[in-house]
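What follows is each chain in one-letter form.
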Amino acid sequence: MTGTKRLKAKGLCIGLLMTLLIPGVLFTIPLEEAPFWQSAIVDEDSRDIALGDMDRDGDLDLAVVSEVSKTAYIYRNDGGTLDTLPSWSPHEVARHLGVAWGDIDNDGYPELAISCYSGLKGLKDILKGKIGQEYPGTQVGGWLYLYKNNNGILDTIAFWKSQDFDGFPAWIGFGDVHGDGYLDLAVATFFGISRIFYNQNGVLDTLPGWSNTDCIYMNVGSWGDVDDDGDLDLALGPDHASYLYYNNNGNLEQTASWKGLHDWITGGMAWADISGNNYLDLACGNGEIVKEPNIVFSNIDGNLDTSYSWKSADASATWRIAFADVDNDGDMDLAMANGCYNIIEKNVVYANQDTILDTLPTWYSQDECLSFGIAWGDIDMDGLQSGVDSIDGDGTRKLFYLKHWPYHSIQEIIVNGNPVPLSDYCFDISSGWVSLKNAPPSGTKNLVVKYKYSIDLDLLIGNEDASDVMYRNTTIGIAERPNSKSVKDFSLQIYPNPFSKKTEIRWTSGTGHSALGESAITNDQYPMTISIYNVSGRLIKSFSLFTPHSSLISSV
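Definitions and cut-offs
Residues numbered from 1 in each chain as written. Predicted model: local features only at pLDDT ≥ 70, side-chain atom pairs only at ≥ 80, totals over all residues. Heavy atoms only, no water. Helix = DSSP H or I, 4+ residues; strand = E, 2+ residues; numbered from the N terminus. Buried < 20%, exposed > 50% of the residue type's maximum accessible area, 1.4 Å probe, protein only. Areas by Shrake-Rupley, 256 points an atom, 1.4 Å probe, with all protein chains shown as cover. Core = buried A, V, L, I, M, F, W, Y, C linked by side-chain atoms within 4.5 Å. Contact = heavy atoms within 4.5 Å. Salt bridge = Lys/Arg side-chain N within 4 Å of Asp/Glu carboxyl O. Pairing = 2+ DSSP bridges. Axes fitted to C-alpha atoms, helices over the stretch in contact; angles between N-to-C directions. pLDDT = per-residue confidence, 0-100. Patch = residues over 30% accessible without salt bridge, like charges linked within 9 Å, V, L, I, M, F, W, Y side chains within 5 Å. Phe/Tyr/Trp six-rings, centres within 6.5 Å; stacked < 30°, edge-to-face > 60°. Polar contact = N/O pair within 3.5 Å; in protein donor to acceptor, adjacent residues only side chain to side chain.

Right, let's talk about the overall build of the protein chain for a bit. Scanning the protein chain from terminus to terminus reveals one helix and 51 strands. Among the 556 residues that make up the protein chain, the fraction classed as buried is 59%. With the model as given, the accessible surface of the protein chain reaches about 22000 Å², and the carbon-plus-sulfur share is 50%.

Rendered as structure tokens:
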């Protein structure tokens, strides 16, 4: 069997081999389906996870918080290998819900923030109430802890505690509201107003400096510069809507001026430029307690559509979500931590194919769990690259997104040839931004950010009643499959080679060979998998020909 197809290149330089996008055939996300790493602790209820380089040894450590077990853990990364037993737990005993790493005092060592609550009603009780839309009346009180990092050693006793507040602190996240180069801490609250605790020159206020006025049922939040004006806006997710609070020159509005309405319960939010127009789109992971579709609100020139532009074709009980370019094709793919309230599901990734998200997952985990926390990071450091972004200063802007994120670490920031001290900027590796205390003056490429990012991101998931897990990225290297059938007379002709904008591929399926002898490849011997690697041995794409009549039609 033979075939001939023309394909277009997408700016890749990969020697004799090329990337193929082929409708009707199976594409793969380069993640192992079975967990490569599992924690030895089988927790009753891991609620959230976060990655950060606690000891500045160049690798990312994993923090996990637990609700019913009333504790938290840190799994240390030792040279690219996560410990299976935790090396740290806090002294305080409380029901934990949210966790985030953030360098509060700008000394280069990130502190650990944890949200906690007390009350007779836990997450499962609240979710039960949501099913009938009858929320439990028992009062819930919340607060936040912050654990000091002393040159890579995290205190076990919290050195900062917020004032107690009403509500269920479902999510926490760091952002720089005022553009002063210090991280502020936001909390999305259920049964109470959401809050932000401001950072005053490296010290968090114990009383909130901001609160919303329009909704007391927030499950999740996410920081992002939606209008690209150089300051971070805050998205919060209640039931059946998404709220956006715009930041106007350091003043965050208390009543959301944008609302995206929908019919579902949102448990996860994340920002990314899905469409490639240099504006952040907002994704919402829905379901929590019942299976519901996931959605995206598109950003057109800094304005979010109030109606969703993308909806998944499947439905799931999703909690947290996260973006990353896991297949290294230049656009952001979307991962979901699925399963909640006795709905056991696989975790999934929706591939972004040329700025369009697939409506069905491209990757499924092999295991099925109740999954809550999610994070991307190169745990084994096998794909780290050096990035240098040169950016024009304008004398006003202080917040800048890097080209590659989530990134691994900041190496150095230089303005007009002068290094910027650690004390004069803050950052978030998962969200991709850096925020400077002082705006770089007007100039051409006078702001230089040197950093590490990865082309081999692993996916980490926090589970309930199961080990926390990591799915390893498989893009590095070419694997040999033993005892596989050989194929005789199979050919791929690629020309012109090297190519610039277009190339033509002619292929012949040939015959298969096994111990029984040689014969033409038949339907029962399909699918045939063809893997495309670049010159460094990195897997770019894999696809399968389901039958001898499968077609190869698409562009790179």
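It is worth spelling out the nonpolar core at this point. A general tendency of soluble globular proteins is for nonpolar side chains to be buried together. By size, the foremost hydrophobic cluster in this structure holds 95 residues, and its most contacted members are L62, I196, L282, Y407 and I410. In terms of residues, this core owes the most to one element, strand β24 (residues 258-272), which gives six residues. Those residues in contact with L282 that sit more than four places away from it in its chain are A235, S242, W258, M269, A270, W271, I295, V296, F297 and L304. Grouped together as the second largest cluster of nonpolar side chains are 18 residues, A94, I114, Y145 and Y147 included.

This structure, assessed with the given rule, holds 14 salt bridges. The residue D57 makes a salt bridge to R76 at a minimum N-O spacing of 3.7 Å. Of this pair, D57 sits in the loop between β3 (46-52) and β4 (61-66) while R76 sits in the loop between β5 (72-75) and β6 (95-102); the two residues are 19 residues apart in sequence, bridging distant segments of the chain. Linked through salt bridges whose partners overlap, the residues forming this network are D55, D57, R76 and D78.

Before going further, it helps to spend a moment on the sheet that holds β5. Overall, antiparallel pairing links the three strands, which are arranged β3-β4-β5 in an open sheet. Either end of the sheet is taken by a strand with one partner, and the two such strands are β3 and β5. Taking the axes of each pair of neighbouring strands and ignoring which way they run, one obtains an average angle of 20° across the sheet. Of the pairings in the sheet, the one linking β4 to β5 comprises four bridges and is antiparallel in character. Across the sheet, residue L62 finds its bridge partner in β5, namely Y75.

Of the residues in the protein chain, 77% reach a pLDDT of 70 or more, and the chain-wide mean stands at 85. Predicted confidence for residues 477-484 stays below pLDDT 50, and this span has five contacts to residues more than four positions away or in other chains. Low confidence marks residues 511-526, where pLDDT is under 50. Its contacts with residues over four positions away, or in another chain, come to 34 contacts.

This next bit is on a nonpolar patch on the surface. Judged by side-chain polarity, I193, I216 and Y217 come together as a nonpolar surface patch covering roughly 210 Å² of accessible area. Its place among the elements puts I193 in the loop between β14 (184-190) and β15 (195-197).

This brings us to the pairing of strand β19 (residues 220-224). For a regular strand, side-chain orientation follows a simple rule: the groups alternate between the two sheet faces. Extensive coverage of β19 is indicated by the burial of five of its five residues. What you see with β19 is no split at all: V220, S222 and G224 on one side and G221 and W223 on the other are buried throughout. Judged from the five bridges that link them, β19 and strand β20 (residues 233-237) form a sheet pairing that is antiparallel. Paired with V220 across the bridge in β20 is G237.

Our focus in this paragraph is the environment of D227. Tracing the backbone through its elements, the reader meets D227 in the loop between β19 and β20. Separated by 52 residues in the primary sequence, D227 and Y279 place their C-alpha atoms 7.3 Å from one another. Dropping the residues within four chain positions of it, D227 is found in contact with D233, Y246, Y279 and G302.

Attention shifts here to the packing of aromatic side chains. Applying the stated rule across the entire model yields 22 aromatic pairs. Centre to centre, the rings of F191 and Y217 are 6.4 Å apart; their planes meet at 85°, and the pair counts as edge-to-face. Placement of the pair is F191 in the loop between β14 and β15 and Y217 in the loop between β18 (210-211) and β19, with a sequence separation of 26 residues. By relative accessible area, Y217 is classed as partly exposed at 30%. Linked through ring pairs, W88, W143, Y145 and Y147 together constitute an aromatic cluster.

A separate point is the side chain of N149. Position of N149 relative to the elements: it lies in strand β9 (residues 149-150). With a relative accessible area of 1%, N149 lands in the buried category. There is a polar contact of 2.8 Å between the side chain of N149 and the backbone nitrogen of G152. Excluding anything up to four places from it in sequence, N149 contacts M54, D107, Y109, P110, E111 and L154.

Of the strand pairs in this sheet, strand β36 (residues 384-393) and strand β42 (residues 443-454) are connected by nine bridges, and their pairing is antiparallel. Along β42, the bridge assignment pairs G393 with G443. In this structure, strand β38 (residues 407-415) lies alongside β42, joined through seven bridges in antiparallel fashion. Within β42, the position partnered with I410 by the bridge is Y451.

Take unusual backbone geometry next. At the junction of W405 and P406, the peptide bond is cis and its omega measures out at 0° in the coordinates. Note that P406 resides in the loop between β37 (399-401) and β38. You will see that N201, though not glycine, has its phi angle at about 55°, which is positive. Within the secondary structure layout, N201 lies in the loop between β16 (199-200) and β17 (203-204). One non-glycine residue, D228, lies in positive phi territory at about 55°. Locating D228 in the fold gives a position in the loop between β19 and β20. Judged by its relative accessible area of 38%, D228 falls in the partly exposed class.

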